[in-house]
Each structure stands twice: as structure tokens, then as C-alpha cells.
Amino acid sequence: MVNGSILGIAYNVIPVKNAKKSGEWFVSHFGFNIRNDRGNYISLFRDNRPIIDLIESDNDTRAVFEVNGRPRWVVTFFTDDIESLHMRLTSDGVTTRPISNEGIYGKFFVFEDLDGNLFDVWEHKDCELIF
């Protein structure tokens, strides 16, 4: 590896209406911890690893785009037990889509946060991910 290379993605920035309320929602459902709370800008971590930043938007912008008329997500989380996570989120009232098993590409499902941002969740047994 060459010095000065990109090593990965540090975090993603997500627009929200209320950073505090959204931050508490992510902490409640995913066990993230809040760091760097600046009021309208909250950083969410897993232990000491940054995950996402929530920033209050001045308009109704969401982290969603469309492909062939279907809304798509910009962030994919990974898990080691997609069935348990999906069942827990669904039973907690989180809007989720069914799990999709895409064979060699892994298993996926999509969920929606309080602001209508979409997120993908991925489980893949043959891919090296850093936890």
C-alpha cells in the first residue's frame, strides 16, 4: 500500500430534521454511542469507531435517490446476524422491507429512519469487513 492511500470510509453524513431525536433513535435501535454532540450535528460511533453523522438540514433533503423510479439508499450497514436484526427492528416498529437472499452476494434488507432516510443492511459470510 502506498502512503497517503484511502483506507476506507470514516463515516457518512445523513440529513435529519432533529439531530437529538434522530441520534436517540439510532442509539436505541442499534446501540451506537453519541459523540461530538454540537446540538444540530451529532456523531454516532460504535465503541470508538465512527459510523454516521446526523446533521439538521435546512430543507426536506433526505439521503435517498431514485433508480428507475425506485428510492435507493446511500449507506449500507453490515451485520453478522441479519435475521435477528431484522426481527428485532420489525418488532420495535421500525419500517423494514423483507430480507432478500441474493446468493453469492449475500443477504440484504432495507429500513427507514424517522426522517425517511433509507438504509441497507448486508450480511455476507465470504467478505472481509473490519468490525
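Refer to the structure printed above.
Residues numbered from 1 in each chain as written. Predicted model: local features only at pLDDT ≥ 70, side-chain atom pairs only at ≥ 80, totals over all residues. Heavy atoms only, no water.

Draft legend 1. Summary view of the overall build of the chain. What the chain contains, in helices and strands, is two helices and ten strands. In the chain, the order of α-helices and β-strands from amino to carboxyl end is β-α-β-β-β-β-β-β-α-β-β-β. Taking 14 Å as the expected radius of gyration for a compact globule of 131 residues, we find that the chain reaches 15 Å, a close match to that expectation. Projected onto its principal axes, the C-alpha positions of the chain cover 45 × 40 × 30 Å. Counting across all 131 residues of the chain, residues that qualify as buried make up 35%. (Helix = DSSP H or I, 4+ residues; strand = E, 2+ residues; numbered from the N terminus. Rg over C-alpha atoms; globule rule 2.2 N^0.38 Å. Buried < 20%, exposed > 50% of the residue type's maximum accessible area, 1.4 Å probe, protein only.)

Draft legend 2. Local environment of the pairing of strand E5 (residues 64-67). With four bridges connecting them, E5 and strand E6 (residues 70-73) associate as antiparallel partners. Bridge pairing in E6 links Phe65 to Arg72. Between E5 and E6, which pair antiparallel and follow one another directly, the connecting turn spans two residues, one of which, Asn68, has a positive phi of 50°. (Pairing = 2+ DSSP bridges.)

Draft legend 3. Focus on the environment of Lys20. As for its position among the elements, Lys20 is in helix H1 (residues 19-30). Classification of Lys20 by relative accessible area gives exposed; the value is 52%.

Draft legend 4. Main features of the environment of Leu85. Position of Leu85 relative to the elements: it lies in helix H2 (residues 82-91). With 81 residues separating them along the chain, Leu85 and Gly4 place their C-alpha atoms 36 Å apart. Residues within four places of Leu85 in sequence aside, it is in contact with Phe30, Thr79, Phe109 and Val121. (Contact = heavy atoms within 4.5 Å.)

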